[in-house]
Amino acid sequence: MAEKVKIIIDDVEYEAEKGKTVLQVALENGIDIPYFCYHPRLSIAGACRMCVVYWENINRLVISCNTPVQDGMIIRTHRTSKIVEENQKYLLQALMTRHPLDCPICDKAGECDLQNFGAIYGPQKQIVPISALEKEREEHDWESDFLEYYSNRCVVCYRCTRACDEIVGAHALYVESRGFDSNIVPAVRPMDTSTCEMCGICVHVCPVGAIISKPFKYWSRSWLLQKDLTRCNLCPVGCEIQIEYGLGDWRSKRKVYRTKPTEDLNICTKAFFGYDSLNTDRLLKTYAHGREESAGNLVNLLASVLSVHARETAFVLSGHLPNEIIESVLKVAKAVNAYVTAPQTSDYFVFAQALGGYEQPSWEEITSAQTYVLIGDDITSTAPVLSYYIKGKVYKVGKVDRDAKFEPEIINIEDLDKIQGEGLVVVTPFYFEEEDLKKVIEKVKDLKEKGFKVLLLPKEANVYGIYRRLKEVYSDIGEVIEKALAGEISTLIVFGEDLSEYYDQETLEALAEKLEHFIVASPFAYGLSVRGTMKIPMALMGETNGSYDSLMGTVKGKSFLPWSFDDISFWDSLAQTMSTDSGEIKVLRGKVKTPLRPKAHLYRSSWINLRSENLGKLYEKVQTRSQGSDSSLPTLTPGSKG
């Protein structure tokens with residue numbers, strides 16, 4: 001139980017937890033104190049001085065963000081102290097004197113702290129005789145196609161540099177010079193090809209419009225957009241994010257304009273800049289044999305195909321599906337004696353089954369470990385937000401790339417025998433070929449016996465949910481595809497495009513030609529769905545109320561985007577239409593090897609990200625830069641040592 005103290009703020013007594021600051025206690029009790037540099041997830045900088053309060057016991061002004069509470073402390077804010085009010089006005093005047101008043105063209109207008117504080121706490125007239133032409137300071141070009149820095153708008157709060165260092169660990173920004181000449185500059189230019197992960201957190205934490213997102217620049221105003229919270233389903237972490245969108249009325253076009261993190265700052269480039277995949281080539285209506293069909297009619301048609309015309313049926317699930325659809329598919333599969341599989345049965349399922357009753361560590365266990373053993377693909381590219389929480393000693397076997405930020409001790413597979421103690425082993429099963437996978441499994445088993453917890457890390461959002469629901473009834477993907485290519489399966493229902501990461505285009509085309517019914521559920525009108533005899537929309541983030549088993553536990557999405565197709569209801573209706581009184585899910589086991597292995601790249605980690613023009617440009621720029629120099633980070637294969 002934390003020790004409590006009593007303090008008085010503006011003549012009202014509060015009980016506060018010892019160790020907290022005056023600002024934290026004030027905010028927790030609904031007392032507004034303005035600030036620029038403070039953020040609950042960042043270290044204290046004490047840079048802006050805006051959160052000044054009067055400490056009556058010692059008769060002096062102090063900054064509330066860096067003043068711990070003490071028993072008997074008497075504090076006065078601007079509400080009851082004239083000297084606090086005057087000091088805050090003076091600070092705002094100093095900032096306004098050098099800050100360009102370009103709110104009409106600034107993307108931060110409407111959500112800018114300086115703009116708001118100036119209206120609420122600041123002087124309402126210019127009292128220092130400095131013209132706009134005298135406000136200039138040196139501009140620094142970040143040489144980025146996605147981030148833009150305006151030095152004159154910067155209030156030097158250091159939020160961006162602290163977030164980059166303390167949260168992301170990318171160390172891509174630093175402060176150059178001091179005082180009024182201070183500038184935020186990249187450690188490496190061009191910014192896009194530096195250690196910057198393009199997570200966009202610097203844009204979000206900037207209290208003014210000093211750092212902006214170029215893809216959003218001049219597109220809309222914050223007050224013209226609708227916004228709501230949901231869960232990102234682009235990787236297994238399960239972050240809560242905010243999506244801002246237009247309805248297609250006079251205010252803004254009907255599309256997603258940007259995504260932002262909550263104050264937890266859990267977001268990465270997949271969501272921050274990859275949001276444009278929500279606007280690209282979308283499949284939003286149901287089709288049968290090239291013609292648009294109502295959802296209700298398609299449910300009946302699909303039920304007829306599955307129960308009457310199909311000789312053998314198989315479902316291929318996607319790692320991006322919510323639990324509710326997986327459960328509906330299992331009911332349908334049982335009713336028609338179908339096979340159920342997923343591409344991840346060739347790697348994740350093999351590893352999980354070999355561990356014998358795999359238990360996923362909790363988020364607390366994952367983030368509190370002191371020692372990490374990372375095995376396989378680049379963790380920073382696979383699940384970037386997870387990398388923000390890896391702070392202890394790190395050993396690495398496999399691809400380093402952006403995991404270099406951990407300053408890992410690079411070892412080979414054999415060296416795993418020498419690691420002692422307890423900690424967390426993080427494995428990306430999709431990285432390994434079948435032969436190496438078996439070797440890694442044995443080494444991980446040994447570490448588990450020593451006391452290490454094991455985290456199997458897929459690329460997709462809900463592989464954990466698929467495994468928990470299918471582990472007794474799944475078929476191996478290799479067996480199902482081979483059977484379909486041999487003409488022994490007549491109806492194949494494929495969700496998403498996970499298959500395209502495991503099988504080449506020629507195989508998928510041969511598959512479509514061989515099948516009598518090739519039914520595709522996809523978010524996109526172009527891709528695998530082009531060959532579908534029936535096409536059903538598949539929801540993305542902001543379009544589904546479905547739940548996902550993520551690293552953060554079971555999280556639930558929210559559907560609010562106006563064009564959303566309710567795919568959960570579609571598959572639930574099909575399940576209710578089918579009789580499930582008898583029948584069973586058939587199982588095929590044996591062949592697990594697939595021709596291709598997926599890769600995790602920060603900008604191209606899934607078939608969903610491939611639709612993002614923003615991430616595509618970033619990928620091309622990084623690839624061009626790395627091919628033209630020897631400065632790219634080393635890529636290590638299992639068994640090699642660097």
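Everything below is about the structure shown above.
Student: Please provide a residue-by-residue account of the overall build of the protein, values included.
Tutor: A tally of regular secondary structure across the protein gives 18 helices and 26 strands. For 642 residues, the compact-globule formula gives about 26 Å, and the C-alpha radius of gyration of the protein, at 28 Å, lands near that figure. By the burial criterion, 59% of the 642 residues in the protein qualify as buried. A separation threshold of at least 6 residues defines the contact pool for the protein, and within that pool the share at least 24 residues apart is 72%. Averaging the locations of the 75 positively and 88 negatively charged side chains of the protein gives two centres separated by 2 Å.

Student: Give a description of the environment of R468 that names residues and reports values.
Tutor: Its place among the elements puts R468 in helix 14 (residues 463–470). Taking the C-alpha atoms as reference points, R468 and M552, separated by 84 residues in sequence, lie 16 Å from one another. Setting aside anything within four residues of it in sequence, one finds R468 in contact with Q360 and D549.

Student: Could you give an account of the pairing of strand 25 (residues 547–550), with specific residues and numbers?
Tutor: Each regular strand displays side chains that alternate between the two surfaces of the sheet. Neither face of strand 25 is open: one carries S547 and D549, the other Y548 and S550, and all of them are buried. A loop of two residues connects strand 25 with strand 26 (residues 553–556), the two strands running antiparallel in sequence.

Student: So, the pattern of salt bridges: which residues are in play, and what are the values?
Tutor: Taken as a whole and assessed by the stated rule, the structure comprises 39 salt bridges. A salt bridge links D417 to K443; the shortest N-O distance between them is 2.8 Å. On the criterion of sequence distance, the pair formed by D417 in the loop between strand 19 (409–410) and strand 20 (424–427) and K443 in helix 13 (residues 434–450) is long-range, its members being 26 residues apart. Assessed through its relative accessible area of 37%, D417 is described here as partly exposed. Take K443: its relative accessible area is 17%, and that puts it in the buried class. Between E488 and K483 there is a salt bridge, with its nearest N and O atoms 3.0 Å apart. Its relative accessible area of 17% is what places K483 among the buried residues. Salt bridges sharing partners connect three or more residues here, namely E111, K227, E244, R258 and K260.

Student: Let's hear about the packing of helix 2 (residues 82–98) against helix 3 (residues 113–120): which residues, and what values?
Tutor: Direction vectors running N to C along helix 2 and helix 3 enclose 130°, while the axes themselves pass 11 Å from each other. Classed by the angle they form, the pair helix 2 and helix 3 counts as oblique. For helix 2 against helix 3, the interelement crossing comes out left-handed. Facing L92, L95 and M96 of helix 2, the residues of helix 3 in contact are L114, F117 and G118. A breakdown of the residues in the contact of helix 2 with helix 3 according to their chemical character gives five nonpolar, one polar and no charged.

Student: Kindly report on the nonpolar core, identifying the contributing residues and their values.
Tutor: Core analysis: the biggest nonpolar cluster contains 158 residues, and I201, L317, I375, L386, F495 and W571 have the highest contact counts within it. In this structure L386 touches V237, W363, I366, I379, L455, L457 and L551, once residues within four positions along its chain are discounted. Among the nonpolar cores identified, the runner-up in size contains 23 residues, and V316, Y339, I481 and F518 belong to it.

Student: Could you give me a rundown of the packing of aromatic side chains, with the residues and numbers involved?
Tutor: On inspection of all chains with the given rule, the structure shows 20 aromatic pairs. Here the aromatic rings of Y431 and F432 are separated by 5.2 Å at their centres, their planes lie at 85°, and the arrangement is edge-to-face. Assessed through its relative accessible area of 11%, Y431 is described here as buried. Ring geometry for F570 and W571: centres 5.2 Å apart, planes at 75°, overall edge-to-face.

Student: So what about helix 9 (residues 348–355)? Which residues, and what values?
Tutor: By the burial criterion, the buried members of helix 9 are Y348, F349, F351, A352 and L355. For helix 9, the angular spread of the buried residues around the axis is 165°, confining them to a single face. Contact partners of the buried residues in helix 9: strand 20, helix 13, strand 21 (453–456) and helix 14. One or two positions beyond helix 9, positive phi appears at G356, with a value near 70°.

What counts as what
- Residues numbered from 1 in each chain as written.
- Predicted model: local features only at pLDDT ≥ 70, side-chain atom pairs only at ≥ 80, totals over all residues.
- Heavy atoms only, no water.
- Helix = DSSP H or I, 4+ residues; strand = E, 2+ residues; numbered from the N terminus.
- Rg over C-alpha atoms; globule rule 2.2 N^0.38 Å.
- Buried < 20%, exposed > 50% of the residue type's maximum accessible area, 1.4 Å probe, protein only.
- Contact = heavy atoms within 4.5 Å.
- Lys, Arg positive; Asp, Glu negative; His and termini not counted.
- Charge placed at Lys NZ, Arg CZ, Asp CG, Glu CD.
- Pairing = 2+ DSSP bridges.
- Salt bridge = Lys/Arg side-chain N within 4 Å of Asp/Glu carboxyl O.
- Axes fitted to C-alpha atoms, helices over the stretch in contact; angles between N-to-C directions.
- Parallel < 35°, antiparallel > 145°, perpendicular 65-115°, else oblique.
- Left-handed = near helix turned anticlockwise from the far one by under 90°.
- Nonpolar A, V, L, I, M, F, W, Y, C, P; charged D, E, K, R; others polar.
- Core = buried A, V, L, I, M, F, W, Y, C linked by side-chain atoms within 4.5 Å.
- Phe/Tyr/Trp six-rings, centres within 6.5 Å; stacked < 30°, edge-to-face > 60°.
- Arc of directions from axis to C-beta.

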